[in-house]
Structure formats: structure tokens, C-alpha cells
Amino acid sequence: MRIRTTAMLLATAAAMVASPALARDGAVYVGAELGAMKANDSDIDVNGVEDAITVDYDWDLPDDTGWDGDVFIGYDFGGFRIEGEYSMKSADIEHYTSNIRFPGGAPAGTDIPAVGDTDVNAFMLNAMGDFGDDDGISFFVGGGVGWAKVDFDGFGAYANQPAYLDDSDSGFAWQAFAGVRQAISDSVDVHFKYRYFRANGIDIDSGPNSIETNWASHSFLGGISFNFGGAEPPPPPPPPPPPPPPPPPPPPPPPAPQMQTCPNGTRIPVSQVCPAPPPPPPARTGENG
């Protein structure tokens, strides 16, 4: 099936991976994914004969390949997410090899072109962990379990022959995935994801034939999600307090005291009294006085 629309979606998402990411803790989110899918070859047991038929699917990028798309809703616990998912997958059958005589087809052991496709509808419950910086690119890895319906639609040897298998069965399915995610606004994310999907125990009673098989695929998906009600970012820290005022300047030094010079030549403050001069020496008298 042609997937030119898928390629355009992936290119658009790649062009938007350039804006800062924001925290998603506590948010409910919804989104969708679309991408290319490679269905594994299916070995089919027919009436107890193991691997009686091997079905090969188209895988020729960019035009002839399967496709995978889904919608989902989830909750982000902060580092861990849980989500419910509904997906649809489809792959054209390219050719088959049969170890038994195929009605309307070539003898056993012949590899011949085929018609028809396989469609899968699945309801899955996923859990995943997030790693990285909430303000930049983050990574996620997880898995899921659920229920899938696998429908072989018109599988046969030639378009002008009745279909050999045109029926479906439902059963347990599981998947594992990993990817990279980045925000493009405060409520919108884009991501890229690889997914391995497997549905086991497909049992179909189609006319006289009893069919048993498993179905698996590899998908490369681009997606977008919208977040609602996440935790408010913390307020910015308060500004630092103003610096304390500078200390007052020291008092000026006291003025120098006024000085005076005493008769004896000493200098003393004017507030002090000069010392009295010494008395004069006594007068000398003669011997005969």
C-alpha cells in the first residue's frame, strides 16, 4: 500500500524538532501515530501440517509497504506513563510458498505471486518509562499487552480464483517499543517510535481447512500528542535581599591642642600654666663683711 502521506508526516515532524521541551508531569495526553510497517513472513499450519504455507508481504519503500496507525490516550506520572491505544495495520500479500497442493495454484513447493492482504485491529494497554531532560529531548521505552483481530482478506493464488483464506480470528497480542520525544510548545509534543507487534494463536476454520498461525510486524512511526492539565511549573525564586547599608564613617580626629612656649623653653598646651621660674641664687658677701 502506498504511504506517501506517511513520508510527508514524518518529514513535517522532523522539521519541528527544534523547540525547547517542557515538563509533562501530571498531564493527561491524547495523540495519534502513523508510519510504515513491515509484516513478518507468516508460517501457516494447515490441517495439522506444520508450515504448510509461508506468506510473504510487500516491503518496497517508499511505495509498496504496509502501514500502521493508531490513536491513544494516557497519563504521565512523571518519568512513567500508562496509556490505552487502538491501532490498525494493513499489509499486502506479495507471494507465498506452499508445501501442499494449493487450490487453483501451482504444485507444492512453488513460490508464486499471491493476492489479498492482512488487516489487524488491536486494543492495547501500554506502560513506558521516560528518560532525559524535560527541557530538551527525552527518550522512552515500554511495552503493552492486549487483544487483536487478525483478518486474512481474500488471500489466494490468482485474482480470478476463489480466495483460499478469507476469515479472521482474535486473541492475545503484545508489543514492545522505543522512541524519542520533544516538545514544540507548552502542550504539544512530536515523537518518533519503533514498534514490534505480535499476535499469537491465530486459529481459523475456513471451509474444509483448519488454519493456525502467528502474526508479527515491525513499524516505524511518527506521532503527535496534546497534553492537558499538567503540573504548573514552579514559580521563579524570589530576588535576593538588598545588601545591608554601609557602616557610618568613623568620627573625625579631635583637633590638635593649641600650644604655648614657657620661659624655660618648654611647650605646653595653653590650658596649662607654665612652671614658675627658679628663684635667683643668693647674693655672695665679703670675708670682712
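Residues numbered from 1 in each chain as written. Predicted model: local features only at pLDDT ≥ 70, side-chain atom pairs only at ≥ 80, totals over all residues. Heavy atoms only, no water.

Caption draft 1: Inspection of a negative patch on the surface at higher detail. A surface patch of like charges, here negative, comprises Asp-41, Asp-43, Glu-50 and Asp-51. By the secondary structure assignment, Glu-50 is in strand E3 (residues 49–57). According to the relative accessible area criterion, Glu-50 is exposed, its value standing at 65%. (Patch = residues over 30% accessible without salt bridge, like charges linked within 9 Å, V, L, I, M, F, W, Y side chains within 5 Å. Areas by Shrake-Rupley, 256 points an atom, 1.4 Å probe, with all protein chains shown as cover. Salt bridge = Lys/Arg side-chain N within 4 Å of Asp/Glu carboxyl O. Lys, Arg positive; Asp, Glu negative; His and termini not counted. Charge placed at Lys NZ, Arg CZ, Asp CG, Glu CD. Helix = DSSP H or I, 4+ residues; strand = E, 2+ residues; numbered from the N terminus. Buried < 20%, exposed > 50% of the residue type's maximum accessible area, 1.4 Å probe, protein only.)

Caption draft 2: Spotlight on the pairing of strand E1 (residues 28–39). Strand direction decides the pairing type here: E1 and strand E12 (residues 209–228), joined by 12 bridges, are antiparallel. Its bridge partner being in E12, Val-28 is matched across the sheet by Phe-228. Judged from the 10 bridges that link them, E1 and strand E5 (residues 64–76) form a sheet pairing that is antiparallel. Bridging from a neighbouring strand, Val-28 pairs with Tyr-75 of E5. (Pairing = 2+ DSSP bridges.)

Caption draft 3: Seen up close, the side chain of Lys-89. By the element assignment, Lys-89 lies in strand E6 (residues 80–98). Assessed through its relative accessible area of 2%, Lys-89 is described here as buried. There is a polar contact of 3.2 Å between the side chain of Lys-89 and the side chain of Asp-68. Sequence-distant contacts of Lys-89, that is, excluding residues within four places in its chain, are made with Met-37, Trp-67, Asp-68, Thr-118, Asp-119, Val-120, Arg-195, Phe-197, Trp-215 and Ser-217. (Polar contact = N/O pair within 3.5 Å; in protein donor to acceptor, adjacent residues only side chain to side chain. Contact = heavy atoms within 4.5 Å.)

Caption draft 4: Examining the packing of aromatic side chains more closely. Under the definition given, this model contains 8 aromatic pairs. Where Tyr-29 meets Phe-72, the ring centres are 6.1 Å apart and the plane angle is 65°; that geometry is what we call edge-to-face. Placement of Tyr-29 in strand E1 and of Phe-72 in strand E5 is noted, with a sequence separation of 43 residues between them. Its relative accessible area of 2% is what places Tyr-29 among the buried residues. Judged by relative accessible area, which is 7%, Phe-72 ranks as buried. (Phe/Tyr/Trp six-rings, centres within 6.5 Å; stacked < 30°, edge-to-face > 60°.)

Caption draft 5: Representation of the environment of Asp-111 within the structure. When you line up the elements, Asp-111 lands in strand E7 (residues 111–113). Measuring from C-alpha to C-alpha, the distance between Asp-111 and Asn-99 comes to 9.8 Å, with 12 residues separating the pair along the chain. When near neighbours in sequence (up to four residues on either side) are disregarded, Asp-111 contacts His-95, Tyr-96 and Thr-97.

Caption draft 6: How the structure looks around the side chain of Thr-213. Secondary-structure assignment places Thr-213 in strand E12. A polar contact is formed between the side chain of Thr-213 and the backbone oxygen of Asp-43, at a distance of 2.9 Å. Dropping the residues within four chain positions of it, Thr-213 is found in contact with Ser-42, Asp-43, Ile-44, Phe-152, Gly-201 and Ile-202.

Caption draft 7: View of the state of the cysteines. Applying the stated rule across the entire model yields 1 disulfide. Note that Cys-262 is cross-linked by a disulfide to Cys-274, the S-S spacing being 2.1 Å. For the disulfide bridge between Cys-262 and Cys-274, the dihedral angle about the S-S bond is near -85°, and by the sign convention the bridge is left-handed. Of this pair, Cys-262 sits in the loop between strand E13 (259–261) and strand E14 (267–269) while Cys-274 sits in the segment after E14, and the two are 12 residues apart along the sequence. Assessed through its relative accessible area of 22%, Cys-274 is described here as partly exposed. (Disulfide = S-S within 2.5 Å.)

Caption draft 8: Spotlight on the confidence of the model for the protein chain. Per-residue confidence for the protein chain averages 81 on the pLDDT scale, and 83% of its residues sit at or above 70. Ranking the elements of the protein chain by mean pLDDT puts helix H1 (residues 4–16) last with 43 and E1 first with 95. When the criterion is pLDDT under 50, residues 1–22 qualifies, and its contacts beyond four places in sequence or with other chains add up to 49 contacts. (pLDDT = per-residue confidence, 0-100.)

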